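Each chain is listed here by its residues.
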Amino acid sequence: MAEGEASGLQVLLTTLQSSYDRDVILNILSILTDLLSVGTARRIHYMISKGGSEALLQALVNVAQAPTLDNDVLLSVLRLAAKVGQKDKQFGLKAEKLEAIDVTLSLAKKNLNHSQNLTHCLWVLRVYASNAVVGTTLGVNGAMELVLKVITPYTRKHTTTARAAVETLAALLKSKSNSRRAVSRGFVCQLLRLHQDWHQNDTSNCYVGIRRGFLLCLKHITNVRSGRECFLLANGMEMLFQTAQDCLSSKSLDPIANIVIQILRKTYPKMPLPAAPLSSPYSFPIPGSTRTGPSPPRPEEKSLSYGCEEDGEEVKKDLNHEEVEAKEEDDDLETDVEKLMSKPELDWPESDLERYRELCLELCDNFLEVKSQSEDEMSSEDSTGNPTCPCLGVTSKAAPLNNQPKGGERDQTAKRQTLPQKTSRVPVRNCVKKEKSSHEPRKLAPCELAPVVDFFQTQDKANADSLNPLAKDIPWDIQIGRVHCLNPCEPGLQGAVGASEVIKKLLKRHPGNIPFHNPRLYMAKAGSTKSIPEFRVLAFPDFWGHRILPYSQSIHQRRYGTQKAKIFEDIRRVIQPEDTIDRVIFNLDGPSCDAPECLKFFSKFESGNLCKAIQMREFEYDLILNADVNTSQHQQWFYFEVSAMKSATPYRFNIINCEKPNSQFNYGMQPVMYSVKEALQGRPHWIRMGYDVCYYKNHYQRCTAVAAAAGTSGKSCYTLTFTVVFPHKDDVCYLAYHYPYTYSAMMSQLDILEQTRNPKKTFFRKQTLCQTLGGNPCPLLTITAMPVSESREDLEKLRDRRYVVLMARVHPGESNASWVMKGTLEFLLSNDPIADLLRHCFIFKVVPMLNPDGVINGNQRCSLSGEDLNRRWLKPSSVLQPTIYHTKGLLYHLRSLGRAPVVFCDYHGHSQKKNVFLYGCSIKETLWQAGCSIDTSVVTEDVGYRTLAKVLDKVAPAFLMSSCNFLVEKSREATARVVAWREIGVLRSYTMESTFCGCSHGLYKGLQIGTGELEEMGAKFCLGLLVLQLKSLPCSKEVMAQAASLLDLEEEIADLRTQRSSSSCIETDDELPVGDEVDYNTDSCSDQEEDFSGLDEAIQEHTFRLDRGRGEVEAGKGQVCGLKTRDGLCISSR
C-alpha cells in the first residue's frame, strides 16, 4: 500500500516536471494542493523526500519559458512552491541549481504593475532568501532595490503585496552583505520614514504585519556595525522609542513592541558599569602568587561601544543560542569508552594517606576511648550553661590592613541624640559593673532598633585566634542605631555601656523558640570567624535567628507587560539622561554621599554582598554587587541591609551587574526579606518579597582586568529588578538572593546538635578536616550508632558498616544547599527510629561546608584563591584548595582500606531549574545520548545508580526524577561527582541540585520553596538511603525486620502517589506560563522570523478567493478529463 502511494506520488511529480499540457499540470497541482491542505507538515516533508521541491521548481521554469505565460498555472505553481519551500531548508540552493532564482526574479520585474502575480513572486523570493547564501546572490542581482520599489508610503491598496514586499526585504537583509549594501544605499533613513508613516496612519492597527516587517528590516540592518551607527545618526532610537509608546498598552501590538525593544537594546551604546571596580574591593594574598592586591583600576576615560568587535557577533550568538547550546551539550559528552571505563590507580603514596587515619577513629581499636573523650568534651560547659570550644590554635591568614577597602565605611544615618559616643575597647563585664543607667529601662524606640551586633577587636591581636568563645573578657556589644566603625583610640565608656544594655534587653526579648539557634552562641562563633574585611558587625537576622514560615508562598505571578515596561524605562535613561539623579549613596570601597531623604545601605557583615548603591530617582536605586574575591566576575549573590525607608512607598531596586544569562526570577522566583521590627514583634521570618520581578540584559558591559588590558569590550551585564513596599516606616530590613546561611550559623548549630543528641545511642564526632586559606576550620563530622555493647562482636559490626559521604556548599552563593544539609544533619542526629536504624546501617562522613571562606566573604562561586573549587578535584593543591585536597585524601584513604563509600553526594543549588534532582554518572546513557554504538559485551554497567533517584521521586515531594541527568560531560570531569565515580569507584556518586525558586509538580506545585521544604528534602534524602539499603544493598535480617516494623514503604509510596495524582504535571519545559513569553528572553534578540504562519495564511486566503471565483465561473460545465470541480479543488471522480 505504501509503495503504491509512493509510486503514485512519484508519477505525479515526474509528470509535473515533464508535461506541457495545461490541463494536466493544473490537475496535478490541484491534487497536490488538496493533499497538502490537510494533515500535518509530515506530508510536506514526505513530498520533499520524493523530489517535490525539484518538481515544482522545474515546473516553474517550464511555465516561465513557455511562449505564452499562463497566469493560472503560474499562480498555482508559485503558491505551492512557497508552501513547500518553507519546510525545505535546501529549497533556495535547489532553486539556484535549477536556475529558478533568475526566472522568479525576472517574473517579478515583469509584473511590477500586476499586483497578484507580483505578490506570488515575492512569496517565493522570500522563501529563497531564507538561505543566507541565496539571499546574498539575490542582493547582488538587485532584488533589494526591486523590492524597495514595491514598498510605498501608507495606502490601503494592494496591502497584501506591500506586506509580501516588506517581509521579503527583511529576509534578504538577514545576509550581512546585503545589510551593508543597504546601509551604503541609504535604506536606513527610507525604512525609518516608511515605518513612521505607516505607524501614524494605521490608527486602527489593521496593518501590524507591515509595520512589523519594517522593524524586522531595521533589526537585521543593525546586526552590522555600520547599520547601528547609521541608525543612531538618523535618530532611530528616538523615533522608535516614541512610536513604541503607543504599543505598550495593547497585547495585540506585542509583535511591534518586542522587535522595537530588540532594536533599541542592540543599538544603544554599551557602557561600562558606573563607578564599578574591575575586581572585588576585597583582595587576599594568594600563597605563591606575585600579585599582592586587586587588579589595576579602570581607565578614567569611558569608551562607548556600539556592539561587539566583529559585526553581529553577539547578535549571531543570541539568535542561535538554543541551537548552539544544544550542539555544545552534545559535543561536551565524553565518548571515549576507555576513558569512561578506566579506573585510575591510587596516585597518592600510602604514607601520605596515613594522616587520614585520625579522621576515621571509628575504625580504630580504641573506639571506646574515643567515645569517652567525646563525652568529656560534651560535659565541659561554662558558667552560663553554654558549651565551650577547644582552642583551635589557628594562625590567622586574613588579608593585611593595606588590602582592605579604601575609604572606610562612613556613617550613613543622620545624627541622632540617642546615638552613643565612640568608645574604646572595654569589656562588657567591666562596663556593666562601673556604669549604671540613671533612668528606668524604657521600651526601645524605632530609631534604636538593633540592625546589627557590633563587636570590638581585642587589643592583643596575637591572642585573637585563641580566644575561648563566651569567655568573660570577650567584648561583645551591640550598637544602637546604625553601625559605626569605632576608633579604639578614642576614650569613653558611654557607648559600650549603652550597647551592652541593649544586648541584655534584646536577649531578654528573644523568644528562645527558634530551633537549633542560640544568639549568645552565635555571637561567640562569629567572634572567632576570620574574614578579609575583619567584620565587626553581625547582621540582625543571623544574630536573632530565623523561624520557618508557617505557610507556603506561591510562585510569583508577574503582571503582563512588566518586563517590556522596565526595559523601556532603562532605554529612557539613555535617551533622556537629565531625568535621573545618579548619586552614589553607598560605596564599600570609597566615599559615599550621605543624602537626606534616601535609603541607607550596609553590607559589611558575614556573607554580605553589596558594593555600591546609586540613587537614580527618588524611589529607585541601582545596585552593584561585589565580584568574588580575587576575581572580576561571579556577581549573583546579594545580601545587604537597608533602612530609613518610608511606609506604603514602592521602592525599585535594580541590581545591574548580574552575569548569568537567565534566572528563575523570570519564572516566579522572588528575593527574600527579613524585617527587624517584625522579628522583635515575634515574627522572625525570612519571607519572599517583591513584585514586578524581572531579569533581562542591560546596556552595561563587565570590563574585566584582562579585557581592559587588551582594550576589548567585556561581556554583557544583566539586570535583576524588583519593587518592594516595606512593612514599617524607619524599619531595618535585609534583602538577599536566597535564605542566607552563614558559616558562623553552621558552627553554632553543630555545637547545639552535639548537645542535643543522645550520646548513649549516637556517635557524633566533630573534627577539623583542615584550615582554610583564610584561617577558618573546615569541620568534618562522623555520625553513626554506638555499638550495642563493648564486646568485640559489636565493635566488628560497627566497623563493617558502609560509608556514606555527604558534602555541601562548595559554591558559597548556593545557600539552599546548606539548608538541605541542615535538614540531613538534624534528622541523622534525632531520636527518630528511622534515623537510629540509618545510624546502624551506615557511617556518615559529612563536610557541611566545603568553602567556608567564600561563604564568609560573600562570594558567589569561588574561594579566596579566585577558583571554582568544584573544578579542582582532579589535581587539588594542598595550599590553594586545602578543603578539596583533604576531602579527596579522605576518600582515597577509605578506598585504600577497601571501604569506598556506597553513596557520595554533593549538595548544590540550581539557579535556572525548578524542583530538586540528581546528577549522576552512567557510561551507557552518555554513549547513547552522544549517538555512539555500544558493544554490550564490552560495556557493562550496574544500573543501581538510578535506584536512589527513583526512590526519592516517590518519597520526597520536592524531587523530580524526570529532571535527573546521568551523563558524563568533558567539562565536568574535574567535579566531585565525576572524580568520586571514576577515581574512587563510587557507583552512586551524585550532585543533588535544589532549586532556588519552587516546584512545578506534586505536593508543592506552584509554590516557592522555603527553608522548611529544603530541610525536609534533607531528611527525605536520609529516608531514601534507608530504602536504598533495603532494596539494593546486602542487609541483615535484623535490619530488615526493624525496618518493616518502622514503616510500611509500600503504603507510604502509595500515599504519595495519591497526593501527586491530584496535581500531577508532566514538565516538558522548566518555564512556567506566568506572563508574556517574550519577556522571559533576557537577551530579547530572537524572534519568530522563520515562522511562515503569516505566509501560510496569505496563501490560503488568496487560494480561497481565486478558487471561489473560478468555481462560480466554471459551475455547471460538468466533468473535464474525468475530473470534476468542487469547492475550488479538482478531485478525482473516483
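Residues numbered from 1 in each chain as written. Predicted model: local features only at pLDDT ≥ 70, side-chain atom pairs only at ≥ 80, totals over all residues. Heavy atoms only, no water.

## Quick notes on the overall build of the protein chain
Here is step 1 of the chain: Helix and strand content of the protein chain: 42 helices and 24 strands.
Here is step 2 of the chain: Restricting the contact set of the protein chain to residue pairs at least 6 apart, pairs at least 24 apart contribute 80%. (Helix = DSSP H or I, 4+ residues; strand = E, 2+ residues; numbered from the N terminus. Contact = heavy atoms within 4.5 Å.)

## Here we look at the sheet that holds strand β12 (residues 687-688)
Here is step 1 of the chain: Strand order across the open sheet formed by five strands is β6-β9-β15-β11-β12, with antiparallel pairing between neighbours. If you trace the sheet from one side to the other, it starts and ends with β6 (600-602) and β12, each paired once. (Pairing = 2+ DSSP bridges.)

## Brief notes about the pairing of strand β18 (residues 802-808)
Here is step 1 of the chain: Among the seven residues of β18, six are classified as buried, and the element is accordingly described as predominantly covered.
Here is step 2 of the chain: In this sheet, strand β19 (residues 842-847) lies alongside β18 in parallel orientation, the contact comprising six bridges. The partner of Leu806 across the bridge, within β19, is Val846. (Buried < 20%, exposed > 50% of the residue type's maximum accessible area, 1.4 Å probe, protein only.)

## A look at the pattern of salt bridges
Opposite charge on two side chains permits pairing when their charged atoms draw close.
Here is step 1 of the chain: Inspection of the entire model under this criterion finds 34 salt bridges.
Here is step 2 of the chain: Of the charged contacts in the structure, one is a salt bridge between Arg22 and Asp70, with a shortest N-O distance of 2.4 Å. Of this pair, Arg22 sits in helix α2 (residues 22-36) while Asp70 sits in the loop between α4 (52-65) and α5 (71-85), and the two are 48 residues apart along the sequence.
Here is step 3 of the chain: Residue classification places Arg22 among the partly exposed positions, given a relative accessible area of 36%.
Here is step 4 of the chain: A salt bridge links Lys888 to Glu983; the nearest nitrogen and oxygen atoms lie 3.0 Å apart. One end of the pair, Lys888, is in helix α35 (residues 882-896); the other, Glu983, is in the loop between α38 (976-982) and β22 (988-995), with 95 residues separating them in the sequence.
Here is step 5 of the chain: The class of Lys888 is buried, set by a relative accessible area of 1%.
Here is step 6 of the chain: Since its relative accessible area comes to 9%, Glu983 is described here as buried.
Here is step 7 of the chain: By sharing partners, the salt bridges in this structure join Glu569, Asp570, Arg573, Asp579, Arg617, Glu620, Asp622 and Arg652 into a single network. (Salt bridge = Lys/Arg side-chain N within 4 Å of Asp/Glu carboxyl O.)

## Topic: the packing of aromatic side chains
Here is step 1 of the chain: Applying the stated criterion to the full structure yields 36 aromatic pairs.
Here is step 2 of the chain: With a centroid separation of 6.3 Å and 50 degrees between ring planes, the pair formed by Phe543 and Trp544 is classed as tilted.
Here is step 3 of the chain: Taking the centre distance of 6.1 Å and the plane angle of 40 degrees together, the rings of Phe638 and Phe640 count as tilted. One exposure class covers both Phe638 and Phe640, and it is buried.
Here is step 4 of the chain: Clustering of aromatic rings is evident, with ring pairs tying together Phe601, Phe619, Tyr621, Phe638, Phe640, Tyr651, Phe653, Phe665, Phe722, Phe726, Tyr737 and Phe996.
Here is step 5 of the chain: Here the guanidinium or amino end of Lys913 rests over the ring plane of Phe917, the centre of that ring lying 5.4 Å away. (Phe/Tyr/Trp six-rings, centres within 6.5 Å; stacked < 30°, edge-to-face > 60°. Lys NZ or Arg CZ within 6 Å of the ring centre and 35° of its normal.)

## Here we look at unusual backbone geometry
Here is step 1 of the chain: With phi around 55 degrees, Glu534 is a residue other than glycine that occupies positive phi space.
Here is step 2 of the chain: As for its placement among the helices and strands, Glu534 is situated in the loop between α25 (519-527) and β4 (537-539).
Here is step 3 of the chain: Positive phi, close to 55 degrees, is recorded for Glu597, a residue that is not glycine.
Here is step 4 of the chain: Residue placement: Glu597 occurs in the loop between β5 (583-587) and β6.
Here is step 5 of the chain: Of the residues examined, Glu597 reaches a relative accessible area of 64% and is grouped as exposed.

## Considering the nonpolar core
Here is step 1 of the chain: By size, the foremost hydrophobic cluster in this structure holds 142 residues, and its most contacted members are Phe540, Phe601, Phe653, Tyr734, Phe844, Tyr907 and Phe1021.
Here is step 2 of the chain: Ile101, Phe214, Leu216 and Tyr268 belong to the second-largest nonpolar core, a separate cluster that totals 102 residues. (Core = buried A, V, L, I, M, F, W, Y, C linked by side-chain atoms within 4.5 Å.)

## Description of α2
Here is step 1 of the chain: Taking 1.5 Å of rise per residue, the 15 residues of α2 would be expected to cover 21 Å, and the 21 Å separating its terminal C-alpha atoms lies within 8% of that figure.
Here is step 2 of the chain: Of all the residues in α2, the buried ones are Ile25, Leu26, Asn27, Ile28, Leu29, Ser30, Leu32 and Leu36. (Expected span 1.5 Å × (residues − 1).)

## Section: the environment of Cys964
Here is step 1 of the chain: Considering the arrangement of structural elements, one finds Cys964 in the loop between α37 (947-955) and α38.
Here is step 2 of the chain: Under the relative-accessibility criterion, Cys964 is labelled buried at 14%.
Here is step 3 of the chain: Considering only alpha carbons, one finds Cys964 and Tyr919, 45 residues apart in sequence, at a separation of 5.7 Å.
Here is step 4 of the chain: The residues touching Cys964, leaving out its near neighbours within four places in the chain, are Phe917, Leu918, Ala949 and Phe959.

## Notes on the side chain of Ser19
Here is step 1 of the chain: Within the secondary structure, Ser19 sits in the loop between α1 (2-18) and α2.
Here is step 2 of the chain: Its relative accessible area of 13% is what places Ser19 among the buried residues.
Here is step 3 of the chain: Looking at Ser19, its side chain comes within polar contact range of the main-chain nitrogen of Asp21, at 3.1 Å.
Here is step 4 of the chain: With residues up to four places along the chain from it excluded, the contact list for Ser19 reads Val24 and Ile25. (Polar contact = N/O pair within 3.5 Å; in protein donor to acceptor, adjacent residues only side chain to side chain.)

## Concerning helix α32 (residues 815-828)
Since the α-helix turns once every 3.6 residues, residues separated by three or four places project in the same direction.
Here is step 1 of the chain: Along its 14 residues, α32 runs 20 Å from first to last C-alpha, staying within 8% of the 20 Å computed at 1.5 Å per residue.
Here is step 2 of the chain: Counted residue by residue, α32 has 14 buried out of 14 residues, so it is predominantly covered.

## Considering the sheet that holds strand β21 (residues 916-919)
Here is step 1 of the chain: The strand order β16-β17-β19-β18-β20-β22-β21 describes an open sheet built from seven strands, whose pairing is mixed. Unpaired on one side and paired on the other, β16 (762-771) and β21 mark the two borders of the sheet. When the angles between neighbouring strand axes are averaged without regard to direction, this sheet yields 20 degrees.
Here is step 2 of the chain: In this structure, strand β20 (residues 903-910) lies alongside β22, joined through eight bridges in parallel fashion. Along β22, the bridge assignment pairs His910 with Thr995. (Axes fitted to C-alpha atoms, helices over the stretch in contact; angles between N-to-C directions.)

## Looking at the environment of Asp579
Here is step 1 of the chain: Within the secondary structure, Asp579 is located in the loop between α27 (562-575) and β5.
Here is step 2 of the chain: Assessed through its relative accessible area of 41%, Asp579 is described here as partly exposed.
Here is step 3 of the chain: Distance from Asp579 to Met616, taken between C-alpha atoms, is 8.7 Å for residues 37 residues apart in sequence.
Here is step 4 of the chain: Not counting residues within four places of it along the chain, the set of residues in contact with Asp579 comprises Arg572 and Arg617.
Here is step 5 of the chain: A distance of 3.4 Å separates the side chain of Asp579 from the side chain of Arg617, its partner in a polar contact.

## Looking at the confidence of the model for the protein chain
Here is step 1 of the chain: Averaged over all residues, the pLDDT of the protein chain equals 78, while 74% of them reach at least 70.
Here is step 2 of the chain: Note on residues 1060-1080: pLDDT is under 50 here. Beyond four places in sequence and across chains, it has 56 contacts.
Here is step 3 of the chain: Between residues 1084-1089, whose pLDDT stays under 50, and residues either more than four places distant or in other chains, the model counts 20 contacts. (pLDDT = per-residue confidence, 0-100.)

## Section: the side chain of His886
Here is step 1 of the chain: You can see His886 is positioned in helix α35.
Here is step 2 of the chain: By relative accessible area, His886 is classed as buried at 13%.
Here is step 3 of the chain: Leave out the neighbours within four places in its chain, and His886 touches Arg355, Tyr356, Leu769 and Cys770.

## Some remarks on the packing of α5 against helix α8 (residues 115-129)
Here is step 1 of the chain: In the contact formed by α5 and α8, the axes pass within 9 Å of each other and the chain directions differ by 25 degrees. In terms of axis orientation, α5 runs roughly parallel to α8. The crossing of α5 and α8 is left-handed. Together, Asn71, Leu74, Leu75, Leu78, Arg79, Ala81, Ala82 and Gly85 of α5 and Gln116, Asn117, His120, Cys121, Trp123, Val124 and Val127 of α8 make up the contact between the two elements.
Here is step 2 of the chain: The residue inventory of the contact of α5 with α8, partitioned by class, reads nine nonpolar, five polar and one charged. (Parallel < 35°, antiparallel > 145°, perpendicular 65-115°, else oblique. Left-handed = near helix turned anticlockwise from the far one by under 90°. Nonpolar A, V, L, I, M, F, W, Y, C, P; charged D, E, K, R; others polar.)

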